[in-house]
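Descriptive analysis of the structure
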Amino acid sequence: MQETKSTCCYCGVGCGVIIESEGDRIVGVRGDPDHPANFGRLCTKGSTLHLTARHDLRALYPEMRLEKHEPRQRVSWDDALDHAVQHFAQTIREHGPDSVGFYISGQLLTEDYYVFNKLAKGLIGTNNIDTNSRLCMSSAVAGYKATLGADAPPACYEDIDHAQCLFIAGSNTAYAHPIVFRRIEDARKNNPDLKLIVVDPRRTDTAQSADLFLPIQPGTDVALFNGMLHVMLWEGLVDMDYVRAHTEGFDALKETVREYTPKLVADICGVPEADIVTAARWFGTGPTLSMYCQGLNQSSSGTDKNAALINLHLATGQIGKPGAGPFSLTGQPNAMGGREVGGMANLLSAHRNLADPQHRAEIATFWGVEQVPDKPGKSAVEMFDAVKNGEIKALWIACTNPAQSMPDLGSVHEALANVPFLVVQDAYRNIDTARYADVLLPATTWGEKEGTVTNSERRITHVVPAVAAPGETRPDWQIMVDFARRLGFMLEKGYEALQLFPYEAPEAIFNEHRETTRGRDLDITGLSYAMLDSQGPQQWPLPEGAMQGQARLYADGVFPQPGGKAKFVSAKYRAVAEKTDARFPFHLTTGRMRDQWHGMSRTGTVPQLFNHVEEPMLAMNADDMARRQLQNGDLVKVSSRRGNLMLRVKESDEVMPAQAYIPMHWGGQFMNGAGVNALTLSNFDPVSKQPELKHAAIKVEKA
Ligand code: SF4
């Protein structure tokens, strides 16, 4: 039996695994005791990964069709790529570069991401490349950039062990990041004085273990955080020396939070005044580590929610020291790696901004192209809108399933059904999106590919294949390099394409990416595959000459903002995008189950992962069910202004009155054509453009 070190391909905790294989078969998996993210532990999902290494649901060879009404047929790689190239080249020639788009994934490796981004922005000349990370972390990114100046989580897992107060907001860490939660449990055992505050509309497993639980009304986080700052000001918990030395904009924020009295905030959030005061005192005394996820991010005011929480850290000086800091928990395994290489519509390599002419010039020079286009690309929701209205005529989707994961699915399915040409590049052929593909390209997946991933604490791990690629599958980066070279010839840029895409192995891509980071906040010029293999996973930054990465940022109080000072963001509370009313009286919230991952392409193949929860349910409060004469297990029709679902209802004391909850995982293959996103809305945050997947107004009727 052979053993290969890798990482778990599910969540952003980024646990190290050891894959056990015999020949071309993965036969076992266990936690890597040497990996600093998990020290050998795995959750139920990670520990069953080997059971998902089966081939019956995989895309194993290329398929294509010449007409929309025809079924796809198995073809050679040459035929499939030539067909894709022909359509993309013709579309670009006839309608310009912005008539094509790429929608990729936080589950790709960093090297894959780099090639996609260079293809779109460097060769084709469009910024229409976005990713499902837009649905996941873009509000956290916007919050960091607005306040601290860079997309860089300043804390690390080790801070859990040093904190005196853990402030979890909008995260069911026990389910969504289980190994982080194990670490929290250990820290509480070791330090009985450690306080755990949980802010969530739902009494989740995480909330049930809290010392203080604040069950706020959906979307009212900014009011709560502003209210806590109001209390901190009254009680002398603000560190004015730190504020004066290291920040700007506090006076404006002070003016804003003046009106957020505990009384007003208690009314808005639906929690007792005394609990708001207690939360402010515990947070302000610290050291406080806040951990947060989609409850803050997937919101039409996501950037403000993130910034308002970071304000609390800056005001109390709870940042840059052991046990203190804002710490966004990354949803996907490599959402951060994708941002590092600029693989989004508004970014460029190494955390550069597309809107900055200097940054565009730097990357154009680095790539050796005339220019990087300045026209902003389409973010996720905008991209599918552009597909629907005919602006984008050829779309390439890789390693993600937007036909399940995007909000307002009715609209997205319409777009996918009508786009003139669609390529889907994926490891799985049974995902909802694949049925719309004109060309299906089979990609390698976990345990079969080489590259790097970055986890929530900025830690980069080098992963290598444990087994050979099955069937005719190919690594994502290689598919794109092949496509890019062929497209270059069709666009009469053949020589340029060969210069831009000379790679024969992922290490060459990593080395090029590494060079783009020189002098940037995420400088990894001291890192190499060899170093990662010999010294283990490393946190960035790790500039040339450094012996190891940096665990914690901003210890010196200098921030990557002009003048070196962090900025307070003065944000007022805004209500959810879709308010409840007489027709749609329930607040729907969405979330993860403990044992499932995303759209279940992988976890849905493991029977024991259904032992925890067997089927999708609408969870409701007992009083609400009684008022509607609903019994446990009744079939109900759940409707929003965009669509409806039929599913069973279940009484739950986790759910507050006038609220309801549906897990996010079940999609078309399990739920008669649609999942929870048939109900959600596509309204997005104006800065981060992340849609409000966490909340919608619904009605519930007995079916
Ligand atoms: Fe995988 Fe996340 Fe579980 Fe770790 S916590 S084993 S990364 S799913």
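Note that the structure is predicted; figures quoted are calculated from it, not measured.

1. What about the overall build of the protein?
Looking only at helices and strands, the protein has 25 helices and 28 strands in total. In terms of C-alpha radius of gyration, the protein reaches 24 Å, essentially the compact-globule figure of 27 Å for 703 residues. On the principal axes, the C-alpha backbone points of the protein span a range of 70 × 65 × 55 Å. Sequence-distant contacts in the protein: of pairs separated by 6 or more residues, those separated by 24 or more amount to 73%.

2. Comments concerning the site of the ligand
Taken together, 14 residues lie around the ligand, and Cys8, Cys11, Cys15, Cys43 and Gly46 are the ones closest in. Those elements that place two or more of their residues in the shell around the ligand are α1 (44-47) and α7 (178-190). Looking at side-chain class alone, the shell around the ligand contains 9 nonpolar, 4 polar and 1 charged residues. Of the domains in this structure, domain 1 (2-52) and domain 3 (138-328) are the two that each give at least three residues to the shell around the ligand.

3. A few points about the domain arrangement of the protein
Each domain of the protein was delimited in the assignment, giving domain 1 (2-52), domain 2 (63-136 + 333-539), domain 3 (138-328) and domain 4 (586-702). The centre of domain 3, based on its C-alpha atoms, is set 27 Å off from the matching centre of domain 4. Each partner contributes to the interface: domain 3 provides 23 residues, whereas domain 4 provides 24 residues. When contributions to the side of domain 3 that touches domain 4 are tallied by element, the ones reaching two or more residues are α4 (138-147), α6 (173-176), α14 (294-297) and α15 (302-316). Looking at which element gives the most residues to the side of domain 3 that touches domain 4, the answer is α4, with 4 residues. Broken down by class, the residue content of the side of domain 3 that touches domain 4 amounts to 7 nonpolar, 14 polar and 2 charged.

4. Here we look at the environment of Met64
Here Met64 shows up in strand β4 (residues 63-64). Under the C-beta neighbour-count criterion, Met64 is labelled buried, with 22 such atoms within 10 Å. Excluding residues within four positions of it along the chain, Met64 makes contact with Arg72, Gln73, Val75, Asp79, Ala80, His83, Asp438 and Val439.

5. A word on α7
Taking 1.5 Å as the rise per residue, α7 with 13 residues should run 18 Å; its terminal C-alpha atoms sit 18 Å apart, in good agreement. All of the buried residues along α7 are Pro178, Ile179, Val180, Phe181, Arg183 and Ile184. Buried positions along α7 lie against α5 (159-162), β8 (165-169), α6 and α8 (205-208).

6. What to know about the UniProt feature "domain: 4Fe-4S Mo/W bis-MGD-type" (unreviewed entry) in the protein
Under the feature "domain: 4Fe-4S Mo/W bis-MGD-type" (unreviewed entry), the UniProt entry names residues 1-57. Helix makes up 7% of residues 1-57 and strand 35%. Its end C-alpha atoms lie 25 Å apart.

7. Things to note about the pairing of strand β27 (residues 659-663)
β27 sits mainly inside the fold: 5 of its 5 residues count as buried. Where burial is concerned, the two faces of β27 agree: the one with Gln659, Tyr661 and Pro663 and the one with Ala660 and Ile662 are both buried. One ladder, built from 5 bridges, connects strand β23 (residues 586-591) with β27; its direction is parallel. Bridged to Leu588 within β27 is Ala660. Of the strand pairs in this sheet, strand β24 (residues 617-620) and β27 are connected by 2 bridges, and their pairing is antiparallel. Across the sheet, residue Met620 finds its bridge partner in β27, namely Ala660.

8. What to know about the confidence of the model for the protein
Do not read the predicted coordinates in detail wherever pLDDT is low. The pLDDT averaged across the protein works out to 96; a share of 99% of its residues lies at or above 70. Reported for the predicted complex are a pTM of 0.97 and an ipTM of 1.00.

9. Notes on unusual backbone geometry
What you tend to see is this: most non-glycine residues have negative phi, and most peptide bonds are trans. Backbone torsion omega between Gly286 and Pro287 reads -5 degrees, so that peptide bond is classified as cis. For Pro287, the location among the structural elements is in the loop between α13 (273-285) and β12 (288-292). Across the junction of Trp540 and Pro541, the peptide omega takes the value 5 degrees, indicating a cis bond. Structurally, the position occupied by Pro541 is in the loop between β21 (538-539) and β22 (566-567). With phi around 60 degrees, Cys399 is a residue other than glycine that occupies positive phi space. Within the fold, Cys399 resides in the loop between β16 (394-398) and α19 (402-405). Cys399 gets classed as buried once you count the C-beta atoms within 10 Å, which come to 25. The residue Gln629 is not glycine, and still its phi comes out positive at about 55 degrees. On the secondary structure map, Gln629 appears in the loop between α25 (622-627) and β25 (635-639).

10. With respect to the pairing of strand β19 (residues 451-454)
Residues Gly451 and Val453 line one face of β19 and the alternating positions Thr452 and Thr454 line the opposite face, and both faces are buried. The sheet contact formed by β19 and strand β20 (residues 459-463) spans 4 bridges and is antiparallel. The partner of Val453 across the bridge, within β20, is Thr461. From the end of β19 to the start of β20, which pair antiparallel, there are 4 residues, and Arg458 there has a positive phi angle of about 65 degrees.

Calculation notes
Residues numbered from 1 in each chain as written. Predicted model: local features only at pLDDT ≥ 70, side-chain atom pairs only at ≥ 80, totals over all residues. Helix = DSSP H or I, 4+ residues; strand = E, 2+ residues; numbered from the N terminus. Rg over C-alpha atoms; globule rule 2.2 N^0.38 Å. Contact = placed C-beta atoms within 7 Å. Near = placed C-beta within 6 Å. Nonpolar A, V, L, I, M, F, W, Y, C, P; charged D, E, K, R; others polar. Domains from an automatic or database assignment. Buried ≥ 20, exposed ≤ 12 C-beta atoms within 10 Å, placed from the backbone. Expected span 1.5 Å × (residues − 1). UniProt positions renumbered as here; feature names shortened; annotations may be inferred. Pairing = 2+ DSSP bridges. pLDDT = per-residue confidence, 0-100.

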